[in-house]
Amino acid sequence: MPRYYRYLGELLDSGVERISSNELSRRMNVTASQIRQDLNNFGGFGQQGYGYNVKYLYDEIGKILGLNEQHNIIVIGAGNLGQALANYVKFEKLGFMIIGLFDVNPALKGVTVRGLAIHMLDELEDFCKRRKVDIAALTMPKQTADAIAHRLVENGIRAIWNFAHVDLELIEEDVVVENVHLSDSLMQLSYNIVKNRR
């Protein structure tokens, strides 16, 4: 669904008002039947002979993805990756607002990134009591990620976007974890390069 949302957004920016599943399949390199099947899982969005109204489908997928509401994010680990996430303005256009940055390095205390002052990690609990936090992004070394994740859950955070180089496995069923391994993408790319040489 995020991929459909992205492509539909590009179509809207290009002024396209409607599109058939065949046209969308050519753009996305997915079969038209797969597109129809995927979208039918969430309701009937298309009309035979007409296709899909791009704006309507974009808005409906946005609702399915929860993009019609704001999600507040804190970043734990304000090094290069943490600051890069904080500087990425497109998140805000999707409703993801970074409201806090935390680190353990005293040299970073008070440094601002896009107007947000970096807090020390010992301020986390107080911050979570004062602010509504929906998602925590972890951009710290893997050795501390598990302990920090449990601390976040204890403070009521139910969604973790994990960039630490370890798969988090929390036992709480109502906590959602998205493990992101940037090196895995590079290894897949490397594999494809080698495969194409054969």
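Residues numbered from 1 in each chain as written. Predicted model: local features only at pLDDT ≥ 70, side-chain atom pairs only at ≥ 80, totals over all residues. Heavy atoms only, no water.

Visitor: Explanation requested: the packing of aromatic side chains in the structure shown.
Guide: What the rule picks out here adds up to five aromatic pairs. When the centroid spacing of 4.2 Å and the interplanar angle of 15 degrees are considered together, the rings of tyrosine 5 and tyrosine 58 count as stacked. You can see tyrosine 5 sitting in helix H1 (residues 2-13) and its partner tyrosine 58 sitting in helix H4 (residues 54-64), a full 53 residues away along the chain. You'll find tyrosine 5 and tyrosine 58 in the same group, each marked buried. (Phe/Tyr/Trp six-rings, centres within 6.5 Å; stacked < 30°, edge-to-face > 60°. Helix = DSSP H or I, 4+ residues; strand = E, 2+ residues; numbered from the N terminus. Buried < 20%, exposed > 50% of the residue type's maximum accessible area, 1.4 Å probe, protein only.)

Visitor: Would you mind showing me how to read helix H5 (residues 80-87) here?
Guide: Count 3.6 residues to each turn of an α-helix, and residues three or four apart come out pointing the same way. Within H5, burial applies to Gly82, Leu85 and Ala86. Across the axial projection of H5, the buried residues extend over an arc of 100 degrees, all falling on one side. Against strand E4 (71-76), helix H6 (90-93), strand E5 (96-103), strand E6 (112-113), strand E8 (135-138) and strand E9 (159-162) lie the buried residues of H5. (Arc of directions from axis to C-beta. Contact = heavy atoms within 4.5 Å.)

Visitor: I would appreciate a short explanation of a nonpolar patch on the surface in the present structure.
Guide: Side chains of Leu186, Leu189 and Ile193 sit close together on the surface and give an oily, nonpolar patch of about 300 Å² of accessible area. By the secondary structure assignment, leucine 186 is in helix H9 (residues 182-197). By relative accessible area, leucine 186 is classed as exposed at 58%. (Patch = residues over 30% accessible without salt bridge, like charges linked within 9 Å, V, L, I, M, F, W, Y side chains within 5 Å. Areas by Shrake-Rupley, 256 points an atom, 1.4 Å probe, with all protein chains shown as cover. Salt bridge = Lys/Arg side-chain N within 4 Å of Asp/Glu carboxyl O.)

Visitor: Help me understand the side chain of serine 25, please; the structure alone is not making it clear to me.
Guide: Mapped onto the elements, serine 25 comes out in helix H2 (residues 21-28). Looking at serine 25, the relative accessible area reads 12%, which means it is buried. Apart from residues lying up to four places away in sequence, serine 25 is in contact with Val30, Thr31, Ala32 and Ile35.

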